[in-house]
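# Overview (structure and organization)
Take a look at the letters that make up each chain.
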Amino acid sequence: MTSLNWPEGLSDTTPMPYRVWKVLHAVDGLRGTDEVARLARTTPADVQLQLDEAARWVGQAVQREQQVGDAVARVVTQCLAAAVGPLASLMVDEVLEELGQQATLSALLNRLAAQLSHDRAQLFVRQLRERGMA
């Protein structure tokens with residue numbers, strides 16, 4: 001029996017869907033897949049799916065807290081351009097200037113989204129999701 005562990009970097013404050021936390025609640029570093037599945041009232045296959053999803057959530061959380069580099073700024077600008085057109089580069093530049101050298105992706109996206117109407121924000125988020133950034 002191989003014991004299951006939380007994905008590296010996961011904390012109890014990482015936001016994730018309930019279905020993932022339901023499984024992770026039973027993962028303690030001692031129990032195997034079958035025991036976790038029994039406690040979470042799910043299947044062993046679902047246990048692995050939820051562990052994989054938790055790892056993806058951790059990866060996204062880490063990405064959001066990294067400093068914004070030129071490549072990330074370009075992708076954000078492209079996503080924003082789909083929602084607002086050519087003003088996107090100006091908007092991104094202004095927010096990055098406001099945030100300074102310690103700008104994180106999370107802070108950048110939050111500030112940009114706050115400047116958009118609901119419909120444009122949804123389009124922006126869709127573009128970000130397509131590129132794995134949200």
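See the structure printed just above.
Right, let's walk through the structure included here. Please read all numbers here as calculations on a predicted model, not as lab measurements.

### Details of the packing of aromatic side chains
A complete count under the given rule lists one aromatic pair for this structure. Between W6 and W21, the ring centres sit 5.4 Å apart and the planes meet at 65 degrees, which makes this aromatic pair edge-to-face. Of this pair, W6 sits in the segment before α1 (18-24) while W21 sits in helix α1, and the two are 15 residues apart along the sequence.

### Regarding the pattern of salt bridges
This structure, assessed with the given rule, holds four salt bridges. Across the salt bridge formed by D28 and R31, the nearest N and O atoms sit 3.5 Å from each other. The class for R31 is partly exposed, based on a relative accessible area of 27%.

### Digging into the nonpolar core
One broad rule of soluble globular proteins: the nonpolar side chains tend to lie buried together. Of all hydrophobic cores here, the largest spans 20 residues; its most connected members are V76, L80, V84, L112, L116 and F124. Counting only elements with at least two residues in this core, the list comes to α4 (70-84), α5 (88-99), α6 (105-114) and α7 (118-130). Take this core: its biggest share by element is six residues, from α4. Once residues lying within four places of it in the same chain are set aside, the contact partners of F124 are V76, C79, L80, A83, L109, L112, A113 and L116. Ranked by size, the runner-up nonpolar core spans 16 residues in total, among them L10, M16, W21 and A40.

### Points about the environment of G69
Relative to the helices and strands, G69 resides in the loop between α3 (44-65) and α4. By relative accessible area, G69 is classed as partly exposed at 32%. With 31 residues separating them in the primary sequence, G69 and R38 have C-alpha atoms 44 Å apart.

### Remarks on unusual backbone geometry
The phi angle of most residues is negative, glycine excepted, and most peptide bonds adopt the trans form. A positive phi angle, near 55 degrees, is found at R41, a position not held by glycine. In this fold, R41 is placed in the loop between α2 (33-40) and α3. Classification of R41 as exposed rests on a relative accessible area of 78%.

### Re the side chain of Q127
Relative to the assigned elements, Q127 resides in helix α7. For Q127, a relative accessible area of 15% puts it in the buried group. Beyond its immediate sequence surroundings of up to four residues, Q127 is in contact with C79 and A82.

### Details of α2
Taken together, the buried positions of α2 are V36, A37 and A40. For α2, the arc enclosing every buried residue in end-on projection is 100 degrees, short of the 170-degree limit, so these residues lie on one face. Of the exposed residues in α2, the ones pointing more than 90 degrees away from its buried face are D34 and R38. Where α2 is buried, its residues contact α1 and α3. Once α2 ends, the next one or two residues include R41, with phi positive near 55 degrees.

Each value, and the rule that gives it
Residues numbered from 1 in each chain as written. Predicted model: local features only at pLDDT ≥ 70, side-chain atom pairs only at ≥ 80, totals over all residues. Heavy atoms only, no water. Phe/Tyr/Trp six-rings, centres within 6.5 Å; stacked < 30°, edge-to-face > 60°. Helix = DSSP H or I, 4+ residues; strand = E, 2+ residues; numbered from the N terminus. Salt bridge = Lys/Arg side-chain N within 4 Å of Asp/Glu carboxyl O. Buried < 20%, exposed > 50% of the residue type's maximum accessible area, 1.4 Å probe, protein only. Core = buried A, V, L, I, M, F, W, Y, C linked by side-chain atoms within 4.5 Å. Contact = heavy atoms within 4.5 Å. Arc of directions from axis to C-beta.

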